[in-house]
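Spelled out, the chains give:
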Amino acid sequence: MSHPLSPVESGEPQAPRTAGLVALDVVRGAAIGTAETVPGISGGTVALMTGVYETLLTSAGHLIAGVRHAVTDVPRGRGLGEARAQLARVAWRVLVPIILGMGVALLTMAHVMEGLLADHPETMRGLFLGLVLASLAVPFRHSRAAATRSGRDGAWTMREWALVALATVAVAVLVSLPAGNLSPEPYVLVPAGALAVSALVLPGLSGSFLLLTLGLYEPTIAALNDRDWAYLAAFAVGAAIGLVTIVKALQWLLEHHRRITLVILTGVMAGSAIALWPWQDADGGRVAPHDPMLAPVLAGLLGAALVVAVLVVEHRTLARRSDATDA
């Protein structure tokens, strides 16, 4: 049993977007963009939490394919037919507001988040840890609903639990690597941008944390705040390269191996949570809880409660739609 295709994938007309839905998509984009300014928080996780992950991934894949066909087919005399077909499958009514929200958040929230992390590091990490841990329910639930090649869905097998454990350990080791100190030269920024945007696409991996590991987080935040366009242009080139490769790969995996991909993404998210342990030393090493203790714990519970509330609202909304369809 395969997963249902979205209207974009199936070729069905997309539902009209009201002003309220457009505003909600802008807020979703702002949340994703804000997450990408925080080491340890994945924009892909926020996209998964807010229910737009697969729409964004699929649309990005068709957008990349459309641009590729436009660049390669026209010189060969094949016209723009295939390019138009691919671009028509992009959920523009969702994609544009989200990109707008992301752009505004990246330019405005970088300074705010930088200050909050500097002034209240334990509390902020506690909040983000609660968000990520509660968000594990999203890929877990979706993976259980997806079918294996034999058509079975439901509970994970021992093999799938083993894959989750392996992914969790691998990512935990990755995010525990000590910070580096690379020089922000163009030949460094291009691959760094590719890595960062790959982490944006992968729920559980934080592009900001990878930049922190490379020693490029503070220079990148400063470039955003100072509008250093030369720095940002080199970074954007790498981001475009990363999108072309990782987006198409993930799109294919979700279309052909949906269940196992979501199982592994659950482990990736779980492993990344170690980076958000509230109490850390100056080098980012995890230490035993110490003062302040109450604020990080309460912030973590608040973060988890927010995710649970979103999931409950989503579940009830889907249930009402299903009842209306049956009626």
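Residues numbered from 1 in each chain as written. Predicted model: local features only at pLDDT ≥ 70, side-chain atom pairs only at ≥ 80, totals over all residues. Heavy atoms only, no water.

### Examining the packing of helix H4 (residues 53–73) against helix H5 (residues 81–88)
Helices that pack against each other are described as a pair by the angle of their axes relative to one another and the distance between those axes.
(1) Moving on: Running from N to C, H4 and H5 cross one another at 170°; their axes reach a closest spacing of 8 Å. The angle between H4 and H5 falls in the class roughly antiparallel. Relative to H5, the crossing made by H4 is left-handed. Touching His 62, Leu 63, Ala 65, Gly 66, His 69, Ala 70 and Asp 73 of H4 are Glu 82, Ala 83, Gln 86 and Leu 87, all from H5. (Axes fitted to C-alpha atoms, helices over the stretch in contact; angles between N-to-C directions. Helix = DSSP H or I, 4+ residues; strand = E, 2+ residues; numbered from the N terminus. Parallel < 35°, antiparallel > 145°, perpendicular 65-115°, else oblique. Left-handed = near helix turned anticlockwise from the far one by under 90°. Contact = heavy atoms within 4.5 Å.)

### Observations concerning the packing of aromatic side chains
(1) Moving on: Under the counting rule described, the total for this entry stands at three aromatic pairs.
(2) Moving on: Geometrically, the ring pair formed by Trp 156 and Trp 161 is edge-to-face, given 4.6 Å between the ring centres and 65° between the ring planes.
(3) Moving on: An aromatic cluster is present here, built from Phe 140, Trp 156 and Trp 161 joined pairwise through their rings. (Phe/Tyr/Trp six-rings, centres within 6.5 Å; stacked < 30°, edge-to-face > 60°.)

### A look at unusual backbone geometry
(1) Moving on: Each neighbour pair has its own omega, and for Asp 291 with Pro 292 the value is 0°, a cis peptide bond.
(2) Moving on: Examined against the element boundaries, Pro 292 turns out to sit in the loop between helix H14 (258–272) and helix H15 (294–326).
(3) Moving on: If you check the backbone angles, Arg 227 has positive phi at about 55° while not being a glycine.
(4) Moving on: Of note, Arg 227 is situated in the loop between helix H12 (217–226) and helix H13 (229–256).

### What about the nonpolar core?
(1) Moving on: If you look at the biggest cluster of nonpolar residues, it comprises 54 residues, and the most contacted ones within it are Ile 32 and Tyr 53.
(2) Moving on: Here the element with the most residues in this core is H13; it accounts for eight residues.
(3) Moving on: Membership of the second largest hydrophobic core comes to five residues, among which are Ala 167, Val 171, Val 268 and Ala 275. (Core = buried A, V, L, I, M, F, W, Y, C linked by side-chain atoms within 4.5 Å. Buried < 20%, exposed > 50% of the residue type's maximum accessible area, 1.4 Å probe, protein only.)

### Here we look at the side chain of Glu 160
(1) Moving on: Note on placement: Glu 160 falls in helix H9 (residues 158–175).
(2) Moving on: The exposure class of Glu 160 is buried, given its relative accessible area of 4%.
(3) Moving on: Within the local environment of Glu 160, its side chain forms a polar contact with the side chain of Arg 259, the two groups lying 2.7 Å apart. (Polar contact = N/O pair within 3.5 Å; in protein donor to acceptor, adjacent residues only side chain to side chain.)

### Observations regarding the packing of H13 against H14
(1) Moving on: Direction vectors running N to C along H13 and H14 enclose 120°, while the axes themselves pass 5 Å from each other. Taken together, the axis directions place H13 and H14 in an arrangement best described as oblique. Between H13 and H14, the contacting residues are Leu 250, Leu 253, Leu 254 and His 256 on the first element and Arg 258, Thr 261 and Leu 262 on the second.

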